[in-house]
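# Breakdown of the fold
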Amino acid sequence: MDTISWWGMLGLGAYHGINPGMGWLFAVALGMQEKRRSAVIGALFPMALGHAISIGIVVLVIALAQQQLPKDVLRIACAVVLFGFGVYKFFSARHPKWVGMRVNFKDLTIWSFLMASAHGAGLMLAPLLLRMPAAEASAHMHHAPASMADNATMLLSAVGVHTLSFFVVTGVVAVIVYEVVGLALLRKAWFNLDLLWSIALMIAGVVTLFWKH
Amino acid sequence: MLQQWKPDPTFYPSPKMAIEAPIEDVAYVAAPRDDGNPDAMCVVDLNTASDTYGQIVHKLELGVRDEIHHFGWNACSAALCPYAPHPYIERRYLVVPALRGSSIYILDVKENPKAPKLVKTLTADEVEARSGYTRPHTVHCGPEGIYVSALASAGSEEGPGGIFLMDHYNFNILGQWEVERGPQSLSYDFWWHLGYDIAVTSEWGYPAMIENGVSLEDLGERKFGHKIHIWDIRHRKNIQTLDLGDDYQMILELRPAHDPTKAYGFVNAVLNMNDLSSSIWTWYKDGDGWGIQKIIDIPAQVPENPDDLPPALKDIGMIPTLVTDHILSLDDRFLYVSCWGTGEMLQYDVSDPFNPKHTGTLKIGGITKSHPHPAAGPVSGGPQMVELSRDGKRLYFTNSLYVAWDNQFYPEGANGWMVKANVNTEDGGLEFDPDFFVDFGESRAHQIRLQGGDSSSDTFCYP
């Protein structure tokens, strides 16, 4: 992956983190219910784990597909799926509905996995993932193909960078809202990130289609 | 469906914020009838600056002898709950079940809040086939969809009654809610402690016990409900049944604390079989389980002239208290209790939920009493369905309980009315607004919902 892709992974992690539906709002609510900040912080770890698993599955699927499918076919397929999912999310207000307020580590991990997956958080990374070395290797035969180990490290690093960025942003927003800003923010500043999200998915689809390299 | 860019402005994360909501302009009042004309959803103008203040400004006619009764919103502040957030849904539709007819009407109030439109009808057959229940009653907007309770099983008209779920986007009935109902069979109201993943349900009677007037035979045999049930919402499982004892018949309205961190609530027992008194009980989290304790007894009264008593009460010679509804202010401080039999609206400070303080009384109507209203003189019926503005300053109430029961306890006639009281939220106390008396004429007047939300429409996931 090139520099742009790494920064993209980082940026999208932050973008996912800032979405209240991905975690920080739940963390704040748990802190308020328990009346302690440690409940806010404690919720962030399973949320990051669930998010990483959701992202990781998409990363793995795309990496495997890169071994099997011609580059252009994969790129167009990803673009179509992304754009289609974005259009669906634009018109559908359907939302995951699972779990409640008394949750443990496992519940929160699964919840975060469901939220990330249902929102297509991993899919949004597709245009960046397609710039991974497996793709480059087939495009530039004169380079030595990346070894399996190098590839795995690279994939793990991509998931790690994204998740770390997600974790930090979710955590900072959660603590600031819990400690300082309060919930009035929800009424004033909570514009429809899901709608913006669906547009982001469509943009990612278009980018995937045209962003050859 | 195209989504909104901003959360619905009537959604509030916490009860504290909802208290700051703007003053309501409009009330929706369910107006069933007994004369063969259709029931109607009435719109009452609440804007004190308006020329039509305190008047019915619109009537939307529904079915004949449907007994529209309780109703609720398609969506409310529960849409902000963090585990299933969907704040861009609109509070736009009233979900209006017919307690006798069993159909469910969906009314759209967005275009003109003063003239709701009927946009969908779920027929009784459809409701029964899809939910497995009949006689739908309470409607609450929850984080996952619309919850509706019902008195009985479809077809049998006996137990078990229960709860079914509706989709909050297209109003399709999704089916029975309960997975393990345990000993629960009688049904009536339900509400919940979302902060604890706990629901609570109460018990009234099966259709045959109520639809021809209260069955005195069944009452004598103590067949009406005397329990409440505690449910694990996540597993839809009855985890505990709290029995008030069969001296207490008909356990109705559930008013959990609005603050989601508080694990207690209030419920009314309509009739103590020993002395015809009514009582208020507090249920509360007690270690790993739940407990319940009586906190208020409201005695029956002796009539001035026992000959004035309706036939159902002649032999008994007393005026039963008949507490049939109550409402808790959004700050969890004041509880307002309707004594339908004795014609009193009582206000209690329940800041300490186990040590209530009586802080105010209004008298109006009452069996043999007909206490007057300042604008209308003596009235029939008594205080019944009660609703409170979100800021806790304006109390509205009506006088009809259930058409067949109105006829039984107020046989001289129970023309509908709605009144308003202004509340002293500092020290307690309440007084009638002398300019507000809504005369429903031959119609009865039952539940009131206030535009944008009130003190029994929304649930909050944040303290």
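Nothing here was measured: the structure is a model prediction, and the numbers come from that model.

## Overview of the overall build of chain A
- Per the secondary structure count, chain A includes ten helices and zero strands.
- Secondary structure of chain A in N-to-C order comes out as α-α-α-α-α-α-α-α-α-α.
- Scaling as 2.2 N^0.38, a compact globule of 213 residues should have a C-alpha radius of gyration of about 17 Å, and chain A matches this with 18 Å.
- Taking the intrachain contacts of chain A between residues at least 6 apart in sequence as the baseline, contacts between residues at least 24 apart amount to 84%.

## Focus on the sheet that holds strand β17 (residues 264-272) of chain B
Residue and element names in this part refer to chain B.
- Across the sheet, which stays open at both edges, the four strands sit in the order β16-β17-β18-β19 with antiparallel pairing between neighbours. Two strands bound the open sheet, and with one partner strand each, they are β16 (248-256) and β19 (289-298). The sheet shows a mean angle of 25° between the axes of neighbouring strands, direction not considered.
- Note that strand β18 (residues 278-286) and β19 share nine bridges and pair antiparallel. The residue of β19 that forms the bridge with K285 is W290.

## A closer look at the environment of I228 of chain B
Residue and element names in this part refer to chain B.
- By secondary structure assignment, the location of I228 is in strand β14 (residues 227-232).
- Residue classification places I228 among the buried positions, given that 27 C-beta atoms sit within 10 Å.
- When residues no more than four places from it in sequence are discounted, the contact partners of I228 are V200, T201, S202, L242, I251, V267, W283 and I292.

## Quick look at the interface of chain B and chain A
- Residue-level contacts link 33 residues of chain B with 26 residues of chain A.
- Looking at side-chain class alone, the side of chain B that touches chain A contains 23 nonpolar, six polar and four charged residues.

## Some remarks on the confidence of the model for chain A
- Residues at a pLDDT of 70 or more form 93% of chain A, whose mean pLDDT is 89.
- Overall, residues 135-142 of chain A carries pLDDT values under 50, and its contacts beyond four positions in sequence, including any with other chains, amount to nine contacts.

## Focus: the nonpolar core
- Counting 205 residues, the largest nonpolar core has A27 and V28 of chain A together with V29, M41 and V200 of chain B as the members making the most contacts within it.
- With near-sequence residues (within four places) excluded, V28 of chain A lies in contact with V40, A174, V177 and Y178 of chain A.

## What about the packing of helix α2 (residues 24-34) of chain A against helix α8 (residues 148-181) of chain A?
Residue and element names in this part refer to chain A.
- Between α2 and α8, the shortest axis-to-axis distance is 9 Å and the interhelical angle comes to 40°. Between α2 and α8, the crossing angle belongs to the class labelled oblique. Judged by the sense of rotation from one axis to the other, the crossing of α2 with α8 is right-handed. Contact with α2, carried on its side by W24, A27, V28 and G31, involves T170, V173, A174, V177 and Y178 of α8 and no other residues of that element.
- A breakdown of the residues in the contact of α2 with α8 according to their chemical character gives seven nonpolar, two polar and no charged.

## Focus: the sheet that holds strand β1 (residues 26-31) of chain B
Residue and element names in this part refer to chain B.
- As summarised here, the arrangement of the four strands in space is β3-β2-β1-β30, forming an open sheet in which the pairing is antiparallel. Every other strand in the sheet has two partners, leaving β3 (56-64) and β30 (448-450) as the edge strands with one partner each. On average, adjacent strands in this sheet sit at an angle of 20° to one another, irrespective of strand direction.
- Inspection of the sheet shows β1 paired to β30 by three bridges, in the antiparallel sense. Across the sheet, residue V29 finds its bridge partner in β30, namely I448.

## Some thoughts on helix α10 (residues 193-210) of chain A
Residues and elements named next belong to chain A.
- The first and last C-alpha atoms of α10 sit 25 Å apart over 18 residues, in line with the 26 Å expected at 1.5 Å per residue.
- By the burial criterion, the buried members of α10 are D194, W197, S198, L201, A204, G205 and T208. Taken down its axis, α10 places every buried residue within 115° of arc, on the same side.
- Residues of α10 that are buried in the fold lie against α4 (71-91) and α6 (126-129).

## Let's talk about the environment of D8 of chain B
Residue and element names in this part refer to chain B.
- In this structure, D8 sits in the segment before α1 (15-18).
- Note on D8: 19 C-beta atoms within 10 Å, which makes it partly exposed.
- The contacts of D8, once residues within four sequence positions are left out, are P87, I89, E90 and R91.

## A few points about helix α2 (residues 124-131) of chain B
Residues and elements named next belong to chain B.
- For α2, every residue scored as buried is listed here: A124, V127, E128 and S131. Viewed end-on, α2 has its buried residues packed into an arc of 95°, placing them on one side of the element. Exposed and facing more than 90 degrees away from the buried side of α2 are D125 and A129.
- At its buried positions, α2 is contacted by β6 (104-108), β7 (117-122), β8 (133-141), β9 (146-153), β10 (162-166) and β11 (173-176).
- Of the residues trailing α2, G132 is marked for its positive phi of about 80°.

## Comments concerning the pairing of β11 of chain B
- Bridge count between β10 of chain B and β11 of chain B: three bridges; the pairing is antiparallel. The partner of L165 of chain B across the bridge, within β11 of chain B, is G175 of chain B.

## Concerning the environment of G155 of chain B
- Note on placement: G155 of chain B falls in the loop between β9 and β10.
- Judged by C-beta crowding, with 11 C-beta atoms within 10 Å, G155 of chain B ranks as exposed.

Procedures and definitions
- Residues numbered from 1 in each chain as written.
- Chains lettered and ligands numbered in written order.
- Predicted model: local features only at pLDDT ≥ 70, side-chain atom pairs only at ≥ 80, totals over all residues.
- Helix = DSSP H or I, 4+ residues; strand = E, 2+ residues; numbered from the N terminus.
- Rg over C-alpha atoms; globule rule 2.2 N^0.38 Å.
- Contact = placed C-beta atoms within 7 Å.
- Pairing = 2+ DSSP bridges.
- Axes fitted to C-alpha atoms, helices over the stretch in contact; angles between N-to-C directions.
- Buried ≥ 20, exposed ≤ 12 C-beta atoms within 10 Å, placed from the backbone.
- Nonpolar A, V, L, I, M, F, W, Y, C, P; charged D, E, K, R; others polar.
- pLDDT = per-residue confidence, 0-100.
- Core = buried A, V, L, I, M, F, W, Y, C linked by C-beta atoms within 7 Å.
- Parallel < 35°, antiparallel > 145°, perpendicular 65-115°, else oblique.
- Left-handed = near helix turned anticlockwise from the far one by under 90°.
- Expected span 1.5 Å × (residues − 1).
- Arc of directions from axis to C-beta.

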